[in-house]
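# Working through the structure, step by step
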Amino acid sequence: MTEPVSATAHAHPNIALVKYWGKAPRPGNVPASPSLSITLDGLTTTTTVTLTGREDTVYLDDRPVADAKIAACLDNLRRRFDIPPVEVRTRNDFPTAAGLASSASGFAALVTAVDAACALGLSAAVRSDLARQASASAARSIFGGYVVLEEPEWQGRPLLEGGAWPLRVVVAVTSDTAKTTSSSEGMRASAASPFFSGWVDSTRDDFAAARFAVLERDFERLADVAEHSCLKMHGLMMATRPALLYWNPATLACIQRVRALRDQGVPVFFTVDAGPQVKAVCLPEAEAAVATALQEVAGVQRILTAGLGGGARVAGR
Ligand code: PMV
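This structure is a prediction, so every number in the text was calculated from the model and none was measured. (Residues numbered from 1 in each chain as written. Predicted model: local features only at pLDDT ≥ 70, side-chain atom pairs only at ≥ 80, totals over all residues. Heavy atoms only, no water.)

## Topic: the pattern of salt bridges
Convention followed: A pair is scored as a salt bridge if a Lys or Arg side-chain nitrogen falls within 4 Å of a carboxyl oxygen belonging to Asp or Glu. Here the term buried applies to any residue with accessible area under 20% of the maximum for its type, exposed to any over 50%, and partly exposed to those in between, with areas from a 1.4 Å probe on protein chains only. Secondary structure elements follow DSSP: runs of H or I no shorter than four residues count as helices, runs of E no shorter than two count as strands, and numbering proceeds from the N terminus.
Here the structure, examined in full by the defined rule, presents 15 salt bridges. A salt bridge links E150 to R157; the shortest N-O distance between them is 2.4 Å. According to the relative accessible area criterion, E150 is buried, its value standing at 17%. You can call R157 partly exposed: its relative accessible area is 38%. Taking the shortest distance from any N to any O, the salt bridge between E287 and R168 comes out at 2.7 Å. Of the two residues, E287 is situated in helix α9 (residues 287–295) and R168 in strand β10 (residues 168–173); the sequence distance between them amounts to 119 residues. Assessed through its relative accessible area of 17%, E287 is described here as buried. Overall, R168 belongs to the partly exposed group, its relative accessible area being 23%.

## Section: helix α6 (residues 196–216)
Our working definition: To estimate the expected span of a helix, subtract one from its residue number and multiply by 1.5 Å. Two axes enter the bend calculation: one fitted to the seven residues ending at the residue in question, the other to the seven starting there, and the bend is the angle between them. Working rule for contacts: check all heavy atoms of both residues, and any pair within 4.5 Å makes them a contact.
Compared with the 30 Å implied by 1.5 Å per residue over 21 residues, the 30 Å span of α6 between its first and last C-alpha is a close match. In the structure, α6 departs most strongly from a straight axis at T203, where the bend amounts to approximately 30 degrees. Taken residue by residue, α6 has F196, W199, V200, T203, D206, F207, A210, A213 and V214 as its buried positions. Contacts from the buried residues of α6 go to β2 (14–18), β3 (35–39), β8 (146–149), β9 (156–160), α5 (183–190) and α7 (219–238). Just downstream of α6 lies R217, where phi reads positive at about 50 degrees.

Structure, rendered in structure tokens:
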């Protein structure tokens, strides 16, 4: 039987409801605190890895790129496995590097495609461990639905299938511009913030509360802890030198719109990552009203909607 020479993998971004921001002081790109996320459907990274026998080449949306993080991920895989030179072709059907977790879906898809192309036979847990070393949030995109990333293994683990509590996500895109400070640089700077130790210590309680809320399907409780974790992370970011201010006026206007909707009884809460997009998480019956309300906010360029999706998977060889 001939070895496969090419494999394609799909992966989806995930959105953390309890955020991670900051690394533990040890090797392996280990987060300083646990996180809990939902993996989306609808937004997809597709990555094809082909064993070429020539030097590594990487294409993002058909343009050749020199991406240090992809090169480092391949080097890291080669320290453990026999991987020949590869061509990587990757594309996102959503904005890259603008706070929509393209690195999470990107590295989950890359590790999954390398595993398949080289017939390594890795478990999902090992792929998650390898993806985390490239981008910690990528460890969570290996799995679908509700996912936790916690000590001691720091491999993602599924908490609840998406179908068991099918929340919807309405993304208000307020800018397509790529962010100027990467999350790795930002996290390094935030470690010196006077808020950092408070953030790390209190996130453990947030994580426990969110995990309980998901298992109980308690929307109010999840809304409360997710908004708190989001605003606390942005408080830490703002209290970093130089300050990390990822919001624009439309970001804040969307946050206020979501708060007003919830005050009126609409089951929705917001979360925002290292970028200006606002993700409104809601029960299915509220999706249309939330999408209409956010579309009307000045500065919102467009609305994307997603449900909860599956983990990274091989599409074909
Ligand atoms: O794993 P990274 O480097 O993409 O950082 C992710 C950071 C946040 O998205 C802001 C929070 C999180 O837990 O996903």
